[in-house]
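Single-letter residue listing:
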Amino acid sequence: MHSIEIPAGVIDYDETGTGPPVVLLHGLLMDHTLWDRVLPLLPGDFRYVRPVLPLGAHRHPMNPGADLTLPGQVRLVADLLDALALEDVTLVHSDWGGALFLTARGLDHRVARQVILPCEAFGNFPPGLPGKMMALTVRLPAGIQLGARQLRIGWLRRLPLLYGQMARRPVPGELMRRWTEPVLSDPGIRRDLLSYCRGTFDKAALIADTEALRRFQGDVLVLWSPDNKVMPPAHGHQLAALMPRARYAEIPGAYVLSMLDEPEAVAREIGMFLTAASAAREPGPRSNSR
């Protein structure tokens, strides 16, 4: 793992390969290992960067006073891209939808393309039954610790209120233990997670910030899982319709975490998108080369 300091604190990230950068994001109480099954199946000639965002499974508490509300986390992603000096980025969203708002904030100048897997969008913050359960948990005394311990129990984890609607296939216990260890062992990590979860979510503003994606002019793959019950299937179609150069595709049979349920299918779709974008960048006689 590598580390880099940004205004909010130290961010860990995994990096492999060389070439145009592809930044793979994750959701709440997850880290970069969410992509472990997909990464080896993606095409070479790209630089894959997997940051560990301060969403509860990170190892370093952020600086005291850092803004870790939704707007602060959006700024944090932009600061990370700046600190790594990444250009021509393909930004891959999953579960957490905050980075969709880079365009609304005028912070997407380093982002050339986007891949949008099932994630929060429009007014769906916090999303579905798992999101509502998390919103309740963070308002209870020691609720975070209680919720994290429940996620470590296989049969409880598979309930719809927890992870039953997040992944069709059971999430391995060792992966969940890794994701929950920081928030169970470090009060600073709990503080960071609570700072995000207890922030306000203005539905009208969230919808407006999502619709600002109309201004995004790069290529987009919306890779939705229509069988999931947390991120509405209609949102995938709506996101694709917003952006002038978006294409919609589906991963049938998967839930929100399609990279765990169907890693081969996810890698195939993302790989085709990346190689098509790479071919379009190559000099040649094509009139549509970028």
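Report follows, based on the coordinates. (Residues numbered from 1 in each chain as written. Predicted model: local features only at pLDDT ≥ 70, side-chain atom pairs only at ≥ 80, totals over all residues. Heavy atoms only, no water.)

Considerations on the sheet that holds strand β8 (residues 246-250)
For step 1, the next point in the chain: Across the sheet, eight strands lie side by side as β1-β2-β4-β3-β5-β6-β7-β8; this open sheet has mixed pairing. Bordering the open sheet on either side are β1 (2-6) and β8, each of which pairs with just one other strand. For this sheet, the mean angle separating the axes of adjacent strands, direction not counted, is 20 degrees.
For step 2, the next point in the chain: Running at roughly 115 degrees to β1, helix α1 (residues 70-83) makes contact with β1, β2 (9-16), β3 (21-24), β4 (47-51) and β6 (111-119) of the sheet.
For step 3, the next point in the chain: The strands that helix α10 (residues 263-281) touches are β3, β4, β5 (89-95), β6, β7 (220-224) and β8; relative to β6, the one it contacts most, it runs at about 165 degrees. (Pairing = 2+ DSSP bridges. Helix = DSSP H or I, 4+ residues; strand = E, 2+ residues; numbered from the N terminus. Axes fitted to C-alpha atoms, helices over the stretch in contact; angles between N-to-C directions. Contact = heavy atoms within 4.5 Å.)

Things to note about the environment of Arg 113
For step 1, the next point in the chain: Tracing the sequence through the fold places Arg 113 in strand β6.
For step 2, the next point in the chain: With a relative accessible area of 2%, Arg 113 lands in the buried category.
For step 3, the next point in the chain: In this structure, the C-alpha to C-alpha distance between Arg 113 and Leu 25, residues 88 residues apart in sequence, is 14 Å.
For step 4, the next point in the chain: In this structure the side chain of Arg 113 is engaged in a polar contact, spanning 3.1 Å, whose partner is the side chain of Thr 90. (Buried < 20%, exposed > 50% of the residue type's maximum accessible area, 1.4 Å probe, protein only. Polar contact = N/O pair within 3.5 Å; in protein donor to acceptor, adjacent residues only side chain to side chain.)

Things to note about the side chain of His 235
For step 1, the next point in the chain: Examined against the element boundaries, His 235 turns out to sit in helix α8 (residues 233-242).
For step 2, the next point in the chain: A relative accessible area of 12% means that His 235 is categorised as buried.
For step 3, the next point in the chain: Once residues within four sequence positions are removed from consideration, His 235 is found in contact with Ala 121, Phe 122, Asn 124 and Trp 224.

Re helix α2 (residues 128-137)
For step 1, the next point in the chain: By the burial criterion, the buried members of α2 are Gly 128, Pro 130, Gly 131, Met 134 and Thr 137. Buried residues of α2 fall within an arc of 155 degrees about the axis and therefore sit on the same side. Away from its buried face by more than 90 degrees, α2 exposes Lys 132 and Leu 136.
For step 2, the next point in the chain: Turning to α2, the residues buried within the fold contact α3 (143-151) and α6 (187-197). (Arc of directions from axis to C-beta.)

A short note on the pattern of salt bridges
For step 1, the next point in the chain: Under the definition given, this model contains 16 salt bridges.
For step 2, the next point in the chain: A salt bridge links Arg 47 to Glu 15, with the shortest nitrogen-to-oxygen separation between them at 2.6 Å. In this pair, Arg 47 is assigned in strand β4 and Glu 15 in strand β2, connecting sequence segments 32 residues apart.
For step 3, the next point in the chain: Judged by relative accessible area, which is 26%, Glu 15 ranks as partly exposed. (Salt bridge = Lys/Arg side-chain N within 4 Å of Asp/Glu carboxyl O.)

Re the pairing of β6
For step 1, the next point in the chain: Counting buried positions along β6 gives nine out of nine residues, so the element sits mostly inside the fold.
For step 2, the next point in the chain: The pairing of β5 with β6 spans six bridges and is parallel. The residue of β6 that forms the bridge with Asp 95 is Cys 119.
For step 3, the next point in the chain: When β6 meets β7, the two strands line up parallel, connected through three bridges. Its bridge partner lying in β7, Gln 114 is registered against Val 220.

Considerations on the packing of helix α5 (residues 173-185) against α6
For step 1, the next point in the chain: Closest axis-to-axis distance for the α5/α6 pair is 5 Å, and the angle between their directions is 105 degrees. Judged on the interaxial angle alone, α6 and α5 are roughly perpendicular. Together, Pro 182, Val 183, Leu 184 and Ser 185 of α5 and Pro 187, Ile 189, Arg 190 and Leu 193 of α6 make up the contact between the two elements.
For step 2, the next point in the chain: When the residues that make up the contact of α5 with α6 are grouped by side-chain class, the tally is six nonpolar, one polar and one charged. (Parallel < 35°, antiparallel > 145°, perpendicular 65-115°, else oblique. Nonpolar A, V, L, I, M, F, W, Y, C, P; charged D, E, K, R; others polar.)

As for the state of the cysteines
For step 1, the next point in the chain: Inspection of the entire model under this criterion finds zero disulfides.
For step 2, the next point in the chain: Distance from the sulfur of Cys 119, which forms no disulfide, to the nearest cysteine sulfur (Cys 197) is 17 Å.
For step 3, the next point in the chain: For Cys 197, a relative accessible area of 9% gives the class buried. (Disulfide = S-S within 2.5 Å.)

Re α3
Since the α-helix packs 3.6 residues into each turn, any two residues three or four apart lie on the same face.
For step 1, the next point in the chain: Of all the residues in α3, the buried ones are Gly 143, Ile 144, Gln 145, Gly 147, Ala 148 and Leu 151.
For step 2, the next point in the chain: For α3, the secondary structure elements touched by its buried residues are α2, α4 (154-157), α5 and α6.

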